[in-house]
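Here is how the chains run, residue by residue.
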Amino acid sequence: MKILFIQLPVQEPTWESGRANVPLAAAYLTAYAEGRGILKREDWTLLGREVQEKGSDTAVVEAAVASGADLVCFSLYLWNLERSLHIAQAILAAAPRIRLVAGGPEVVQGTPLFGVSPFHSLVEGEGELPFCELLEDLRKGKPLARRYSSPQTLDLADLPNPYLVGTLPFEADRPVHLETVRGCPARCGYCYYGKNFQGVRSFPRAEAYRVIEEAGKAGVHEVYLMDPSFQATEDLADRLVALAKANTSGLAIHAELRLESVTEEMGRLYAAAGL
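Summarised in this report is the structure supplied together with it. (Residues numbered from 1 in each chain as written. Predicted model: local features only at pLDDT ≥ 70, side-chain atom pairs only at ≥ 80, totals over all residues. Heavy atoms only, no water.)

Here's the deal with the packing of helix α9 (residues 205-217) against helix α10 (residues 236-246)
Two elements in contact, α9 and α10, have axes separated by 9 Å at closest approach and are oriented at 30°. Handedness of the crossing formed by α9 with α10: right-handed. Contacts from R205, Y209, I212 and E213 of α9 reach α10 at R239, A242, L243 and A246. Each residue belonging to the contact of α9 with α10 can be placed in one class, and the counts come to 5 nonpolar, no polar and 3 charged. (Axes fitted to C-alpha atoms, helices over the stretch in contact; angles between N-to-C directions. Helix = DSSP H or I, 4+ residues; strand = E, 2+ residues; numbered from the N terminus. Left-handed = near helix turned anticlockwise from the far one by under 90°. Contact = heavy atoms within 4.5 Å. Nonpolar A, V, L, I, M, F, W, Y, C, P; charged D, E, K, R; others polar.)

Quick word on empty space enclosed by the protein
Enumeration according to the criterion identifies 3 cavities of 30 Å³ or more in this entry. Of the voids in this model, the largest cavity is the one considered here, and its volume is about 60 Å³. Along the walls of the largest cavity sit L178, T180, R205, A208, Y209, I212, L225, F230, R239 and L243, which together make up its complete lining. Elements with a contribution of two residues or more to the lining of the largest cavity: α9 and α10. The class makeup of the residues in the lining of the largest cavity is 7 nonpolar, 1 polar and 2 charged. For the second largest cavity, the calculated volume is near 50 Å³. If you trace the second largest cavity, you find it lined by V22, Y163, L168, P169, F170, E171, R174, P175 and V176. (1 Å grid on protein atoms, 1.4 Å probe; cavity = no way out; pocket = protein on both sides within 12 Å on 5 of 7 lines; lining within 4 Å. Points joined across faces, edges and corners; volume = space filled by probe spheres on them.)

The following block contains the structure:
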């Protein structure tokens, strides 16, 4: 079995959005599946950056078919949903043997995706556990289910960091995307992130600091912390001191936080950490 992952970027005339198109979801899925012995490194690949970031629809389709993949997996976001649907349909027309799978925040029951779409299977919600279930079904020769979803959430201590295990490389010209938590303490009516995760779970802190240290050694210039509310932690000051200690190479660290939470003292700690 050979698997190809595709995550299409925002389409802009300057191509700048391609640089920020980090396939973090695919890297987490493969890191977890490898850790469980369900996948080997040679079983999967990411679509090449040049084609993924700058290729035409035809170029993406041709690359997917030429890859020899049995399973092509799309990460669906607001900015790439319609194009991904178009390309998936073209892949299916060119190579009907290929099975198509989609996951990501656009995969939600009640949307047209669960009606008529080119995808054989849809992975809903946190993807690591249901994706492994899908792979097990393939390995056993079972037909793919239309929907895969897990009622339970992972212990994040069991989820390997993609950068540290090598499913996602450090690249000097591309930012590191780093999750330190999953979930959000806010329950904003317009946002599904807080609704999809009950409570906030944390990754091991030492792991995050190691990623920042290794990113600096690899010549990376930026780290984007994926936390939806970075300031929402009781030990924020200690966390910033630890970040400053890890960020010896002076990486630019970006985070989302509530402006009203930044006091003068916290501002100095943020600055010292490189945010």
